[in-house]
Amino acid sequence: MHRPTPKRHPFLLAAALVVGTLVVPSGVGAADAAQAIIDAAPAGGPTVDLLVGARTGRSAGVAELAARFGTRDQGSVRGLAVHRLRVPAAAAAALERTLGMDPSVGYVELDATAHAALVPDDPQYAGGGEWGLPLIGAPAAWDTSTGAGGPIIAVIDTGVDATHPDLGGRVLAGYDFINHDGDASDDNGHGTHVAGIIAATGNNAIGGAGVCWGCRILPVKALDAGGGGSYSTLAAAITWATDHGARIISMSLSGDSSSRTLGDAVVYAQGRGIVVVAAAGNAGSTIRRYPAAFPDVVAVAASTESGTLIGFSNRGADWVDVAAGACSVSTARGGGYVNMCGTSMATPFVAGSLGLLLAADPGATASEALAAIDATAGPEITDATTYGLVHLDAALAALIGSPTPSPSPSPTPTPTPTTPPSPSPSPNIAPAPAAPSLVTRTASLSRVPKAFVVLAHAADARLSIANPRRAYLVLTVKRAGRVIWRRKTRARAIHWTLYLGTSAYTVTVSRPGSRAATGRVSLRYRPR
């Protein structure tokens, strides 16, 4: 039998929103649609956490949205406009799409997990001892500084055993984001081992030595007893460490997925002058691991005792920055010592090196210390990292340089008698010389294989880069051969004003990766 076509009213022709197997009318708000999806999910199944980040200026809207889900709202991530919702795992993908439609929401992502970047103590890798220290030139650096009065270095890990005799008195009060209390004790051992590589007391006739004997450790427990921790917990740990005096953050851990929430926490720290150092991972591949692969995070690979890349280390000259020793005997939970291997161990060698540089030059910024490490690294392992193996002694010399001699006093002229001047005609005032014309230096990014160098003899210069393919670039500013500023970026468009002072500077744009690049580099300045 023929059924008559129903009359269609224009105002009812809105499309339906299809989410999984559930059809929700488009007029229903994102929160109501999400609740319907949750209600339709099987009861009693596994759950996951979704991170719901606010659009700029819309944090209150996301807070209101999260509050509508009652006990599923696990609260906000410290320091960030991000809420954590616990939802049925079966509905997670549909909820990501649905919640993302709310006008207050900037992004929705799964709260992934990172793990300590540790390799089992296999005899193939575990040679024992502390060969990682001479490998990076630490003993030679100690002739100048052992790190007395060193900065605070946050160790975001499984906690730290503050009672260990080789760390005594230099482990500060931290925080435990796993158990949500002020006791950041270690229930795994990984974090204590990392802390010892950074700052175990040297020359005290017990145990071993860290890189920076005077650096202080801020323990932030964000990994559980099994060595795992969620991205939201790591993000909260980063913002907490930032707000509690850390100048360097050491993260001997990695996860296999990127994250806006974790990336925003890194930006939070970097915006306050903190350098974040992270393990590149132990998969023996070029696959990026996070947070190491975020821009401006110092990604650390691991080397053998002979200064070559060790087999298990991740690598990639377009995202891994430097390398350090893969294995070390260091402090163990409970007061002993143990040998461990991994990029987890290489990372604190770099964090400790930064700490020692800042102790030797208290006026330097963490970015300047990092620039010195980058400028003096290599030539070892430059095929697998951007800069190569760390050389702390050379970095220290580059940072503090030679003492600047005091200028000799000019002789005071002997005064001579003067007579009152005769009136003179008004001088003819010559016009001021015209300012030098602006100079623009340009180059195509496709023709920047390793380094494009321009000299800027100017009080400031405007650097512009069009990078439509997001090629990996390293921007460096040097004065008298010393790196004073460095930035890694994959941004599509860059416009920076460089305030260069009165000296001659060298501005370098490097493209260390093999990825094809199009676009243009331009430096505009007025010469002196």
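Heads up: the structure comes first, above all this text.
Residues numbered from 1 in each chain as written. Predicted model: local features only at pLDDT ≥ 70, side-chain atom pairs only at ≥ 80, totals over all residues. Heavy atoms only, no water.

(A) The arrangement of the pattern of salt bridges in detail. According to the stated counting rule, one finds six salt bridges in the structure shown. The salt bridge partner of D32 is R68, with a shortest N-O separation of 2.7 Å. Taken together, the positions of D32 in helix α1 (residues 30-40) and R68 in the loop between α2 (59-67) and β4 (73-76) put the pair 36 residues apart, joining distant regions of the chain. For D32, a relative accessible area of 41% gives the class partly exposed. R68 gets classed as exposed once you look at its relative accessible area, which sits at 52%. A salt bridge links D49 to R86; its shortest N-O distance comes to 2.8 Å. You can see D49 sitting in strand β3 (residues 47-54) and its partner R86 sitting in strand β5 (residues 82-88), a full 37 residues away along the chain. Among the residues examined, R86 registers a relative accessible area of 33% and is labelled partly exposed. Among the charged side chains, a salt-bridge network with shared partners connects D49, R84 and R86. (Salt bridge = Lys/Arg side-chain N within 4 Å of Asp/Glu carboxyl O. Helix = DSSP H or I, 4+ residues; strand = E, 2+ residues; numbered from the N terminus. Buried < 20%, exposed > 50% of the residue type's maximum accessible area, 1.4 Å probe, protein only.)

(B) Highlighting the nonpolar core. By size, the foremost hydrophobic cluster in this structure holds 109 residues, and its most contacted members are I156, L234, I238, I249, M251, V277 and V322. Excluding its chain neighbours within four sequence positions, the residues that come into contact with I249 are A154, I156, I238, A241, T242, A269, I274, V275, V276 and V277. If you look at the next biggest cluster of nonpolar residues, it comprises 21 residues, including A31, I38, A41 and V105. (Core = buried A, V, L, I, M, F, W, Y, C linked by side-chain atoms within 4.5 Å. Contact = heavy atoms within 4.5 Å.)

(C) Structural detail: the state of the cysteines. Inspection of every chain in the model, using the stated rule, returns two disulfides. Note on cysteine connectivity: C212 is disulfide-linked to C215, with sulfurs 2.2 Å apart. Note on the C212 and C215 pair: the S-S dihedral is about 80°, so by sign convention the disulfide is right-handed. The pair C212 / C215 is uniform in exposure class, with both members buried. Two residues share a disulfide in this structure: C327 and C341, whose sulfurs sit 2.1 Å from each other. The sign of the S-S torsion, about 110°, decides the handedness of the disulfide formed by C327 and C341: right-handed. (Disulfide = S-S within 2.5 Å.)

(D) Focus on the pairing of strand β18 (residues 337-341). Note that strand β17 (residues 327-331) and β18 share five bridges and pair antiparallel. Within β18, the position partnered with V329 by the bridge is N339. Hairpin remark: β17 followed by β18, antiparallel, with five residues in the connecting loop; positive phi at G334, about 100°. (Pairing = 2+ DSSP bridges.)

(E) Spotlight on the environment of H193. Tracing the backbone through its elements, the reader meets H193 in helix α6 (residues 190-199). For H193 and S328, which are 135 residues apart along the polypeptide, the C-alpha to C-alpha distance reads 8.9 Å. When sequence neighbours within four positions are dropped, the list of residues in contact with H193 reads S328, V329, S330, T331, V338, N339, M340 and M345. Within the structure, H193 has its side chain in polar contact with the backbone oxygen of V338 (distance 3.0 Å). (Polar contact = N/O pair within 3.5 Å; in protein donor to acceptor, adjacent residues only side chain to side chain.)

(F) Seen up close, the packing of helix α9 (residues 343-360) against helix α11 (residues 392-400). Contact pair α9 / α11: the axes reach a minimum separation of 10 Å and the direction vectors enclose 30°. Regarding the angle of α9 to α11, the classification is roughly parallel. Classified by chirality, the crossing of α11 by α9 is right-handed. Facing α9, whose interface residues are S353, L356, L357 and A360, α11 presents L392, A395, L396, L399 and I400. (Axes fitted to C-alpha atoms, helices over the stretch in contact; angles between N-to-C directions. Parallel < 35°, antiparallel > 145°, perpendicular 65-115°, else oblique. Left-handed = near helix turned anticlockwise from the far one by under 90°.)

(G) Highlighting empty space enclosed by the protein. In the structure shown here, the tally under the stated rule is one cavity of 30 Å³ or more. Along the walls of the largest cavity sit E130, D166, G196, I197, A200, G208, A209, S328, V329, S330, T331 and Y337, which together make up its complete lining. By residue class, the composition of the lining of the largest cavity is five nonpolar, five polar and two charged. (1 Å grid on protein atoms, 1.4 Å probe; cavity = no way out; pocket = protein on both sides within 12 Å on 5 of 7 lines; lining within 4 Å. Points joined across faces, edges and corners; volume = space filled by probe spheres on them. Nonpolar A, V, L, I, M, F, W, Y, C, P; charged D, E, K, R; others polar.)

(H) Broad picture of the pairing of strand β8 (residues 152-157). Judged by how many residues are buried, β8 sits mostly within the fold: six of six residues are covered. Taking every second residue as pointing to the same face, both faces of β8 are buried, with I152, A154 and I156 on one and I153, V155 and D157 on the other. Bridge count for β8 against strand β10 (residues 216-221) is six bridges, and the pairing is parallel. Within the sheet, the bridge partner assigned to A154 lies in β10 and is L218.

(I) Quick look at the sheet that holds strand β13 (residues 253-254). A sheet is described by the order of its strands in space; here three strands give the open sequence β11-β7-β13, paired in antiparallel fashion. Among the strands making up the open sheet, the edge pair consists of β11 (228-230) and β13.

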